[in-house]
Amino acid sequence: MSTNSRVHDIGGTQGWGEVPYDSNEPVFHNDWERRVFGLMFQVLPHTAKRPGEFRHALERLAPEDYFCPDGYYGRWRAAIEVLLDEYGHVDKVELDDLLGVQPGTSPGHRVAKIAEIPSENLPPDRLTRKPEHRTVRRELEESSRFQVGDRVVAMGNSGMGHTRLPEYVRRIPGTVVKIHPAEVLPDSTAHNLGERPQHVLCVAYHAKDLWGEAAEENVVINVDLYESYLEMETEPS
Amino acid sequence: MNEHDHHHHEVDPKTAEVRTEALEDLLVEKGLIDRARVDALIERFEHDLGPMVGARLVAKSWLEPQFRDSLLKNADRVLEEENIKGAEIEHVEVKANEPGIHNVVVCTLCSCYPWALLGLPPSWYKSPEYRSRVVREPRKVLQEMGLSLDADTEIRVWDSSSETRFLVLPERPPGTEELGLEELAQLVTRDSMIGVAKVKAL
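Residues numbered from 1 in each chain as written. Chains lettered and ligands numbered in written order. Predicted model: local features only at pLDDT ≥ 70, side-chain atom pairs only at ≥ 80, totals over all residues.

*Asks:* Help me understand the overall build of chain A, please; the structure alone is not making it clear to me.
*Replies:* Check the secondary structure of chain A and you find seven helices and five strands. Its helices and strands taken in sequence order, chain A reads α-α-α-α-α-β-β-α-β-α-β-β from the N to the C terminus. Relative to its full complement of 237 residues, chain A shows a buried share of 46%. Across chain A, the fraction of contacts at a sequence separation of at least 24, relative to all contacts at a separation of at least 6, is 65%. (Helix = DSSP H or I, 4+ residues; strand = E, 2+ residues; numbered from the N terminus. Buried ≥ 20, exposed ≤ 12 C-beta atoms within 10 Å, placed from the backbone. Contact = placed C-beta atoms within 7 Å.)

*Asks:* Explanation requested: helix H3 (residues 52-63) of chain B in the structure shown.
*Replies:* Since there are 3.6 residues in each turn of an α-helix, residues three or four apart along the chain are aligned in direction. End to end, H3(B) covers 16 Å across 12 residues, agreeing with the expected 16 Å (1.5 Å per residue, within 8%). Those residues of H3(B) that fall on the buried side of the exposure criterion are B:Val53, B:Gly54, B:Ala55, B:Leu57, B:Val58, B:Ala59, B:Ser61 and B:Trp62. (Expected span 1.5 Å × (residues − 1).)

*Asks:* Whenever I open this one, the interface of chain B and chain A confuses me. Can you help?
*Replies:* Reports of interface size often rely on the accessible area that becomes lost once the parts have come together. Facing 68 residues of chain B, the contacting portion of chain A comprises 74 residues. At the level of elements, helix H1 (13-29), helix H2 (35-48), helix H7 (123-126), helix H8 (128-133), helix H9 (138-144) and strand E3 (154-159) of chain B are the ones that each hand at least two residues to the side of chain B that touches chain A. Taken together, the residues of the side of chain B that touches chain A sort by class into 29 nonpolar, 16 polar and 23 charged. Where strand E4 (residues 219-226) of chain A meets E3(B), five bridges bridge the pair, whose relative direction is parallel. Paired with A:Val223 across the two strands is B:Asp159, which belongs to E3(B). (Nonpolar A, V, L, I, M, F, W, Y, C, P; charged D, E, K, R; others polar. Pairing = 2+ DSSP bridges.)

*Asks:* In this structure, what is going on with the pairing of strand E2 (residues 173-183) of chain A? I would like to understand it.
*Replies:* As a general feature of sheets, a regular strand has side chains that alternate between the two faces. Residue and element names in this part refer to chain A. Two elements, strand E1 (residues 151-154) and E2, share three bridges in a ladder whose sense is antiparallel. Opposite Val153, over in E2, you have Pro173 as the bridge partner. The pairing of E2 with strand E3 (residues 198-206) spans six bridges and is classified as antiparallel. In the sheet register, His180 faces E3, and the bridge partner there is Val200.

*Asks:* Honestly, the nonpolar core in this entry has me stumped. Any pointers?
*Replies:* As a rule of thumb, soluble globular proteins bury nonpolar side chains together. Counting 72 residues, the largest nonpolar core has A:Ile221, A:Leu225, B:Val104, B:Val157 and B:Val188 as its most contacted members. The residues touching A:Ile221, leaving out its near neighbours within four places in the chain, are A:Tyr205, A:Ala207, A:Leu210, B:Val135, B:Val157 and B:Asp159. (Core = buried A, V, L, I, M, F, W, Y, C linked by C-beta atoms within 7 Å.)

*Asks:* For this particular structure, what's the right way to read helix H5 (residues 92-99) of chain A?
*Replies:* All names here are of chain A. If you check which residues of H5 are buried, you get Lys92, Leu95 and Leu99. The arc that holds every buried residue of H5, seen down its axis, measures 45°, which confines them to one face. Gly100 lies just past H5 and shows a positive phi near 70°. (Arc of directions from axis to C-beta.)

Have a look at this one:
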């Protein structure tokens, strides 16, 4: 199996138990979850405004904060605390004090810094018509390098920056089944390196190609991938 | 992996409550947020949004074959025509279940979900157990969740790794031939539109 170095990139990792399924779950379990949800929307305009930036703040959390006992909204609260420090609103030392926690214990003290991404590792930027409303979608003049039916392999961003390429499909051949509308590239926008818009391709993988012969029968996994992640499959020599 | 040890501890709601309150207070003090706007936003997401929007699309698809075709071919246009707007539906694709084909949706990298069609996602959808396992052993995971599929039914998993959001169009259950739009929509559950359950007649 792949070695997933990013804390959030858990597709296909093993050792997890049963899904904590409850078909009648309330939207929020406690009032504090409700508050964290609401706060996030007002904190973001003062902090992580670019596409992918808030996600990357979550992904940079230390494992004990990402998989924190307070669950999903606890993770959001940790990211809010990190962003307040990083954007200079509340220093992490001051935050410990204001929150009444042990000095040096809030998540900002152990979050990973945003990695330096050499821009030559990203596809070139290109001009697109400015959309009329806030959206990640862009109209590209050029059509995709790929067509439905092409056999492709995802390589892409293997550093520690933000990416939407799940580790479990890396280097595995799959088939393009659909071309979605183009979007800005989160690997770039999350790092403030420009939009670099890309076609987005839906690529289908057979379970046996991903997980080996012991995989379940009759299973196809479809993953949406930005064009810059993809190369044409080369025939095995 | 050591992170597996971290996520099933009991939450002490009091501690979480106190910390969240302290955070909210300092945000107000710093002038970064407005409590009334936070309240309004919570109200909107908790009560005005929900799976009824998606359920109506499903019920209408069962009643009107042309509507179904349009929804499957170009959901964005249908949402525009139906005046359905909101968060997390920039580009939507609808995947139809049919005999021999079952669709199920996940986001392995975070918890992407079509908010404006289904409301906010349930905890299990956001859990590491679901996110990690449903791409590797979907048949087993669905079985554990109470949905047994025939071995020869093809499972199509959709990992929401871009800004495309997926909605499953479940099959219409037998015994519902006499029902109208509203009654049918009442039968369509959130979980059937994620793809972890079937729609049942009452």
